[in-house]
Amino acid sequence: MPDVGAPKGAWPGTGTAAPAGTGGGRTAAGYTFRAAAEWAEFGAVLDLAYGGRPHSPAHSAVVGALFEPKRSLVACYGGRPCATLAGYALEMTLPGGPAPVAGIGYVAVAPPHRRRGLMRELLRQALTALHEERAEPVAVLHSTEPGIYGRFGFGLASQAVEVSVPPEARAFAGEVAAEGLTLDVVSPDEAHAVIADVYRACLSQRPGLLRRDAAWQRRAVEDEPDGRHGAGRLLCMVVSGPGGGARGYALYRMRPAWERSRPRYALSVREVFARDPAAYAFVWRALLDTDLAGTVSAACRPVDDPLLALLDDPRSAAPTVRDQLYARPVDLDRALTSRTYSAPVDVVLEVRDVMCPWNDGRWRLCAEPGGGAVCVRTGAAADLALGARDIGAMLLGGGAPAQLALAGRVSELRPGALRAVSAAFRHDPAPFCPTAF
């Protein structure tokens, strides 16, 4: 990725100090920015940034296989990397179908170099390069700390719910129709084709799901011993139909635990996907009925997970909502026309975007349900005023414009505009992105 912030004639790594950022902060002198050469450059920075615990060789091999040097950046001081940003070319399901998005990950700054504006400058350069190259119109990321990225125009685009089902709350509200379904438990390696096929069949179900090639599937089933925390190896529960074809699967592991000489193993679910509701209910019934299991927990499920409707006592599962995926428009017009809408809309948006000033101004969005959308600059009076962060929250159909308005983040300038935008942007089911990047 070129150093888009360097003065004309200067090239990354030549010793030219970084210019002042345009995003409201300044980068301290003495730093240079350049494209990453290899994944190994990130290692020392990530080691320090995350408390001195280096990645294992096995994990480095998995994430290194996903690394895209030309899309990734390092900041250097004295010729040594001190801050990192990894970029990925991804395909994500948006309302209406798959679309290209730019993934951002491993944004890290070594402790001696924090509070120098390096994160802001890395993000500014990455977003500017995407804009100038007419690359992906939407940028997405997962955040280690939720308070970081709002100031850079990233809004909370999807949420996840954590559930923990105790033995006494395993009952379902109704019977599970088995329909000749059968169950098997194998290793993820043995179920490689099943996982890929079922996940692919589910891609269109929810915004936020990422297309996975072989390298991304290896990331999804990664099972390094250092990450097990006392639990056993990762297992795959496969549900098949009467004809033998796979209908669903669950990735899970169990950690031994005993209570008064009775087994109460902690079963943690990493991922569940199924082609149809019957298979989904069947695989959850099987997980909850696993021998030796006490509490069955899942740290990352959709906020509208059918499991919460299956359980007769969802309160005892202690569902806890947390933030998940963050998104922002790179190019506002292309971002808003990369998805479809649930209701007709004709609205003028007054958008504020300090980080990407080319998005500033008034935009008219016109769309019909399920059809194409048009978004162009306009001089007409604005109907809603909002920031890039709020557009990002709404992009996948999860963020509610009415809620943002009640929080004082969106201003309705024409009566009725907020209701129309809320109806148009909403998507059911809710967005969800279980793939870490």
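In the block above lies the structure referred to throughout.
Residues numbered from 1 in each chain as written. Predicted model: local features only at pLDDT ≥ 70, side-chain atom pairs only at ≥ 80, totals over all residues. Heavy atoms only, no water.

Engineer: A description of the nonpolar core should follow, citing residues and the corresponding values.
Structural biologist: Ranked by size, the top nonpolar core spans 76 residues in total, and within it Phe42, Met92, Leu336, Leu365 and Phe437 carry the most contacts. If we skip the residues at most four places from it in the chain, Phe437 touches Tyr88, Leu90, Gly103, Ile104, Gly105, Val140, Leu141, His142, Leu210, Trp216 and Leu325. Core analysis: the second largest hydrophobic core is formed by 31 residues, Phe172, Ala250, Leu267 and Ala293 among them. (Core = buried A, V, L, I, M, F, W, Y, C linked by side-chain atoms within 4.5 Å. Buried < 20%, exposed > 50% of the residue type's maximum accessible area, 1.4 Å probe, protein only. Contact = heavy atoms within 4.5 Å.)

Engineer: I'd like a rundown of the pairing of strand β13 (residues 265-274), residues and numbers included.
Structural biologist: Successive side chains on a regular strand alternate, one facing one side of the sheet and the next facing the other. Among the 10 residues that make up β13, seven are buried, leaving the element largely enclosed by the rest of the structure. In the sheet, β13 pairs with strand β14 (residues 293-302) via four bridges, with the strands oriented parallel. Within β14, the residue paired with Ser268 across the bridge is Ser297. (Helix = DSSP H or I, 4+ residues; strand = E, 2+ residues; numbered from the N terminus. Pairing = 2+ DSSP bridges.)

Engineer: Before we move on, could you go through the pattern of salt bridges and cite the residues and values that matter?
Structural biologist: Within the structure shown, the criterion is met by 21 salt bridges. With its nearest N and O atoms 3.0 Å apart, the salt bridge here joins Asp197 to Arg200. A residue pair is termed a helical-turn pair when its members lie 3 or 4 positions apart in one helix, as Asp197 and Arg200 do in helix α4 (residues 192-202) at three residues. Overall, Asp197 belongs to the partly exposed group, its relative accessible area being 36%. Residue Asp289 pairs with Arg285 through a salt bridge whose shortest N-O separation is 3.0 Å. Of the residues examined, Asp289 reaches a relative accessible area of 44% and is grouped as partly exposed. Several salt bridges converge on common partners, so that one network encompasses Glu68, Arg71 and Glu136. (Salt bridge = Lys/Arg side-chain N within 4 Å of Asp/Glu carboxyl O.)

Engineer: Break down helix α3 (residues 118-132) for me, citing the residues and quoting the values.
Structural biologist: Compared with the 21 Å implied by 1.5 Å per residue over 15 residues, the 21 Å span of α3 between its first and last C-alpha is a close match. For α3, a buried count of 13 out of 15 residues is recorded, marking the element as mostly surrounded by other parts of the structure. Where α3 terminates, the next one or two residues include Arg134, which has phi positive at roughly 50°. (Expected span 1.5 Å × (residues − 1).)

Engineer: Pulling in residues and values, what's your account of the sheet that holds strand β8 (residues 182-186)?
Structural biologist: In space, the seven strands of this open sheet follow the order β8-β9-β10-β13-β14-β7-β15, with mixed pairing throughout. Single-partner strands in this sheet number two, and they are β8 and β15 (320-323). With direction set aside, neighbouring strand axes in the sheet form an average angle of 25°. Each of β9 (235-240), β10 (246-255) and β13 is contacted by α4, which is oriented at about 115° to β10, the strand it contacts most. Most of the contacts of helix α6 (residues 277-288) go to β13, to which it runs at about 170°, and overall it touches β7 (159-165), β8, β9, β10, β13 and β14. (Axes fitted to C-alpha atoms, helices over the stretch in contact; angles between N-to-C directions.)

Engineer: Can you explain unusual backbone geometry? Please cite residues and give values.
Structural biologist: Cis geometry marks the peptide bond from Asp428 to Pro429; its omega dihedral reads 10°. Tracing the backbone through its elements, the reader meets Pro429 in the segment after α11 (417-425). The backbone of Tyr106 shows a phi angle near 50°, a positive value even though the residue is not glycine. Residue Tyr106 is classed as buried on the basis of its relative accessible area, which comes to 16%.

Engineer: Could you give me a rundown of the packing of aromatic side chains, with the residues and numbers involved?
Structural biologist: Taken as a whole and judged by the stated rule, the model has 12 aromatic pairs. With a centroid separation of 4.8 Å and 45° between ring planes, the pair formed by Tyr31 and Tyr77 is classed as tilted. Residue Tyr31 is found in strand β1 (residues 31-35), and its partner Tyr77 is found in strand β2 (residues 73-77); the two are separated by 46 residues along the sequence. Look at Tyr31 and you get buried, because its relative accessible area is 1%. Relative accessible area serves as the criterion here: at 42%, Tyr77 is assigned to the partly exposed category. Between Trp258 and Tyr265 the ring centres are 6.3 Å apart and the planes differ by 70°, which places this aromatic pair in the edge-to-face class. The class of Trp258 is exposed, set by a relative accessible area of 56%. Through a chain of ring-to-ring contacts, the aromatic side chains of Trp39, Phe42, Phe67 and Tyr106 assemble into a single cluster. The residue whose ring lies beneath Arg212 is Tyr199, and the NZ or CZ to ring-centre distance is 3.8 Å. Above the face of the Phe154 ring, Arg328 is positioned so that its terminal group lies 5.9 Å from the ring centre. (Phe/Tyr/Trp six-rings, centres within 6.5 Å; stacked < 30°, edge-to-face > 60°. Lys NZ or Arg CZ within 6 Å of the ring centre and 35° of its normal.)

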